[in-house]
Amino acid sequence: MNNTTGRFGLADRAPTTHPDTTRWSRESAVAFVIDAVESTGAATRNDFDIDRIVSTAHELADDWDLQTLTADTFWRIAAGCIRY
């Protein structure tokens, strides 16, 4: 509360704790993608261009937290990055 006027200001309404913005990084996105493509047991990281998946997904999500993408979107990106 703003003590000089008795009204709430924007800073007074801000959360007292800040979200951990360092949790997601390119490295965590790479780990997420590797885990996702290897989770079914049908493929390995060597079957996909992991860096291309991460870069494309990051561009679409505008964040390193790739879990914000729908599963369909993620797998469409991955399908386009299969190494032949």
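So, how was this worked out
- Residues numbered from 1 in each chain as written.
- Predicted model: local features only at pLDDT ≥ 70, side-chain atom pairs only at ≥ 80, totals over all residues.
- Heavy atoms only, no water.
- Helix = DSSP H or I, 4+ residues; strand = E, 2+ residues; numbered from the N terminus.
- Expected span 1.5 Å × (residues − 1).
- Buried < 20%, exposed > 50% of the residue type's maximum accessible area, 1.4 Å probe, protein only.
- Contact = heavy atoms within 4.5 Å.
- Phe/Tyr/Trp six-rings, centres within 6.5 Å; stacked < 30°, edge-to-face > 60°.

Trainee: In this structure, what is going on with helix α2 (residues 26-38)? I would like to understand it.
Mentor: In an α-helix, one turn spans 3.6 residues; hence positions three or four apart end up facing the same way. With 13 residues, α2 extends 18 Å from end C-alpha to end C-alpha; this agrees with the ideal 18 Å at 1.5 Å per step. Among all positions of α2, only S28, A29, V33, I34, A36 and V37 are buried. Summarising the contacts, the buried residues of α2 are in contact with α3 (50-61) and α4 (71-79).

Trainee: Sorry, what's going on with unusual backbone geometry here?
Mentor: A negative phi holds for most residues other than glycine; trans holds for most peptide bonds. Of note, the phi angle at D62 is positive, near 55°, even though the residue is not glycine. Summarising the element assignment, D62 is placed in the loop between α3 and α4. According to the relative accessible area criterion, D62 is exposed, its value standing at 68%.

Trainee: Explain the packing of aromatic side chains to me, please; I cannot follow it from the model alone.
Mentor: Note on aromatic pairs: each is described by the distance of the centres and the angle between the planes. Using the criterion set out here, one finds two aromatic pairs in the structure. With a centroid separation of 5.8 Å and an interplanar angle of 70°, the aromatic rings of F32 and F74 are classed as edge-to-face. With F32 in helix α2 and F74 in helix α4, the pair connects residues that are 42 residues apart, well separated along the chain. Owing to a relative accessible area of 24%, F32 belongs among the partly exposed residues under this scheme. The exposure class of F74 is buried, given its relative accessible area of 5%. Both rings, one in F74 and one in W75, keep their centres 5.0 Å apart while their planes meet at 85°; by these two values the pair is edge-to-face. Aromatic rings pair up to connect F32, F74 and W75 into one cluster.

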